[in-house]
Amino acid sequence: DVVFSIVEWEKEKYWRYIAKSEKVKNLPYYLPQSYYQEVEQVPKKNQCVCLMSTTEGVIPLLRDAATRFSENVDGLGELLPDWKFFVTGNLSRSKIEMIDRVEVSGLLETPFPLLAESRCMALLSNLGYGFKTKILDAIQSKCYILVLSGLYARLPDEVKPYCIVVDEKSPNSFVSALEQSKMPFPDGDPNQLFKKKAWFILDQVLGE
């Protein structure tokens with residue numbers, strides 16, 4: 001009867017080839033109250049974190065993101081010596097190589113304390129579709145998200161003010177992005193905006 005697309009980009013670029021456009025509705029993802037966690041805001045440190053998965057295996061998206069993260073940190077050389085870099089998760093079985101400057105935190109009970117004290121989270125891969133739920137986790141924690149241009153183009157407009165684009169072709173772009181993450185964090189609550197949109201669409205469709 002209806003196809004619910006989790007992001008507007010997929011509604012326009014993907015689902016229209018499978019279903020009639022009037023049958024496709026944008027039903028945005030939002031973090032339900034049962035999973036929502038109030039984040040205690042603490043002073044920010046010059047830290048950047050790459051969030052992996054809690055599973056043993058690593059999907060291509062996360063492998064690509066972790067590899068690019070390590071390469072970008074390695075490319076800093078002696079620059080930004082006051083910055084620290086973290087990657088979460090159990091990397092022992094994934095065979096992902098991390099340079100010494102990236103600290104492997106292991107599996108965390110919750111990512112929020114690390115996000116809350118960090119200035120930014122790196123999600124440096126253009127792979128994968130749908131909506132990356134960790135983006136809302138980072139926004140809750142007033143943590144900027146560093147992304148590549150391909151992913152940025154597919155993101156909902158509501159989260160774009162909280163994202164900083166890293167240019168793959170510019171060696172200085174990662175440095176610039178880290179410095180930009182020191183800017184005051186934008187106001188707003190995309191999660192509530194997504195929730196209102198989702199409920200509106202559900203009322204509209206289920207009420208017919």
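Up top you'll find the structure we're talking about.
Residues numbered from 1 in each chain as written. Predicted model: local features only at pLDDT ≥ 70, side-chain atom pairs only at ≥ 80, totals over all residues. Heavy atoms only, no water.

Engineer: What should I look at first to understand the overall build of the protein chain in this one?
Structural biologist: Counting its secondary structure elements, the protein chain contains 7 helices and 8 strands. A globule of 208 residues ought to have a C-alpha radius of gyration of about 17 Å, and the protein chain, at 18 Å, matches this closely. Each of the three principal axes of the protein chain carries a C-alpha extent, and together these read 60 × 35 × 30 Å. Looking at the protein chain residue by residue over its 208 residues, the buried ones come to 44%. Counted over contacts in the protein chain with a minimum sequence separation of 6, partners at least 24 positions apart contribute 66%. Put simply, the protein chain shows about 11,600 Å² of open surface, and 52% of that area lies on carbon and sulfur atoms. Positive and negative side-chain charges of the protein chain, numbering 25 and 28 respectively, have mean locations separated by a distance of 4 Å. (Helix = DSSP H or I, 4+ residues; strand = E, 2+ residues; numbered from the N terminus. Rg over C-alpha atoms; globule rule 2.2 N^0.38 Å. Buried < 20%, exposed > 50% of the residue type's maximum accessible area, 1.4 Å probe, protein only. Contact = heavy atoms within 4.5 Å. Areas by Shrake-Rupley, 256 points an atom, 1.4 Å probe, with all protein chains shown as cover. Lys, Arg positive; Asp, Glu negative; His and termini not counted. Charge placed at Lys NZ, Arg CZ, Asp CG, Glu CD.)

Engineer: Whenever I open this one, helix α2 (residues 60-74) confuses me. Can you help?
Structural biologist: The periodicity of an α-helix, 3.6 residues per turn, causes residues three or four positions apart to be oriented the same way. The end-to-end C-alpha distance of α2 is 21 Å, a good match for the 21 Å that 15 residues give at a rise of 1.5 Å each. The inward-facing, buried residues of α2 abut β3 (45-50), β4 (84-88), β5 (102-106), β6 (118-123), α4 (134-140) and α6 (173-180). (Expected span 1.5 Å × (residues − 1).)

Engineer: Just to check I follow, could you spell out the packing of aromatic side chains for this structure?
Structural biologist: Remark: the centre distance and the inter-plane angle together describe each pair of aromatic rings, the angle taken between the planes. On inspection of all chains with the given rule, the structure shows 9 aromatic pairs. Seen from their ring centres, F131 and F194 are 5.9 Å apart, and the 75 degrees between their planes marks the pair as edge-to-face. Taken together, the positions of F131 in the loop between β6 and α4 and F194 in helix α7 (residues 190-206) put the pair 63 residues apart, joining distant regions of the chain. For F131, a relative accessible area of 11% puts it in the buried group. A network of ring pairs unites the aromatic residues F69, W83, F85 and F174 as a single cluster. Against the face of W9 rests R154, its NZ or CZ located 5.9 Å from the ring centre. (Phe/Tyr/Trp six-rings, centres within 6.5 Å; stacked < 30°, edge-to-face > 60°. Lys NZ or Arg CZ within 6 Å of the ring centre and 35° of its normal.)

Engineer: Sorry if this is basic, but what is going on with the layout of surface pockets here?
Structural biologist: Any empty space left between atoms is shown by rolling a water-sized probe over those atoms. Each pocket or cavity is described by its volume, and for the largest pocket that value is around 380 Å³. Of all elements in the fold, only α2 and α4 reach the threshold of two or more residues within the lining of the largest pocket. (1 Å grid on protein atoms, 1.4 Å probe; cavity = no way out; pocket = protein on both sides within 12 Å on 5 of 7 lines; lining within 4 Å. Points joined across faces, edges and corners; volume = space filled by probe spheres on them.)

Engineer: What's the story with the nonpolar core in this structure? I'm lost.
Structural biologist: Inside soluble globular proteins, nonpolar side chains tend to come together where they are buried. By size, the foremost hydrophobic cluster in this structure holds 53 residues, and its most contacted members are C48, F69, F85, I145, L146, F174 and L178. The element that contributes the greatest number of residues to this core is strand β7 (residues 144-148), accounting for 5 residues. Apart from the residues within four sequence positions on either side, C48 is in contact with F69, W83, K84, F85, F86, C120, A122, L146 and L178. (Core = buried A, V, L, I, M, F, W, Y, C linked by side-chain atoms within 4.5 Å.)

Engineer: What's the story with the side chain of D64 in this structure? I'm lost.
Structural biologist: Inspection of the secondary structure assignment puts D64 in helix α2. The residues contacting D64, other than those within four sequence positions of it, are L124, S125, N126 and L127.

Engineer: Quick question: what am I supposed to make of α6 here?
Structural biologist: Looking only at α6, the buried set comprises S173, F174, V175, A177 and L178. Looking at the buried residues of α6, the elements they touch are β3, α2, β4, β6, β7 and β8 (163-166).

Engineer: How should I be thinking about the pairing of β6 in this particular structure?
Structural biologist: As a general feature of sheets, a regular strand has side chains that alternate between the two faces. Of all 6 residues making up β6, 6 are buried, and the element is well covered by its neighbours. Judged from the 3 bridges that link them, β3 and β6 form a sheet pairing that is parallel. Along β6, the bridge assignment pairs C48 with C120. Here 4 bridges tie β6 to β7, and the two strands are oriented parallel to one another. Within the sheet, the bridge partner assigned to L123 lies in β7 and is V147. A crossover connection joins β6 to the parallel β7 through α4; in handedness this β-α-β unit is right-handed. (Pairing = 2+ DSSP bridges. Right-handed = clockwise from strand over helix to strand, strands pointing away.)

Engineer: Help me understand the sheet that holds β5, please; the structure alone is not making it clear to me.
Structural biologist: Neighbouring strands of a sheet are bound in pairs by backbone hydrogen bonds; such pairs are parallel or else antiparallel. Reading across the sheet, the 6 strands line up as β5-β4-β3-β6-β7-β8 and stay open at both edges, with parallel pairing between neighbours. Because the sheet does not close on itself, it has two edges, and the strands there are β5 and β8. When the angles between neighbouring strand axes are averaged without regard to direction, this sheet yields 30 degrees. Direction of pairing for β4 relative to β5: parallel, over a ladder of 4 bridges. Across the sheet, the residue bridging to F85 is V102, located in β5. Packing of α2 onto the sheet brings it into contact with β3, β4, β5, β6, β7 and β8, and relative to β3 it is tilted by some 145 degrees. (Axes fitted to C-alpha atoms, helices over the stretch in contact; angles between N-to-C directions.)

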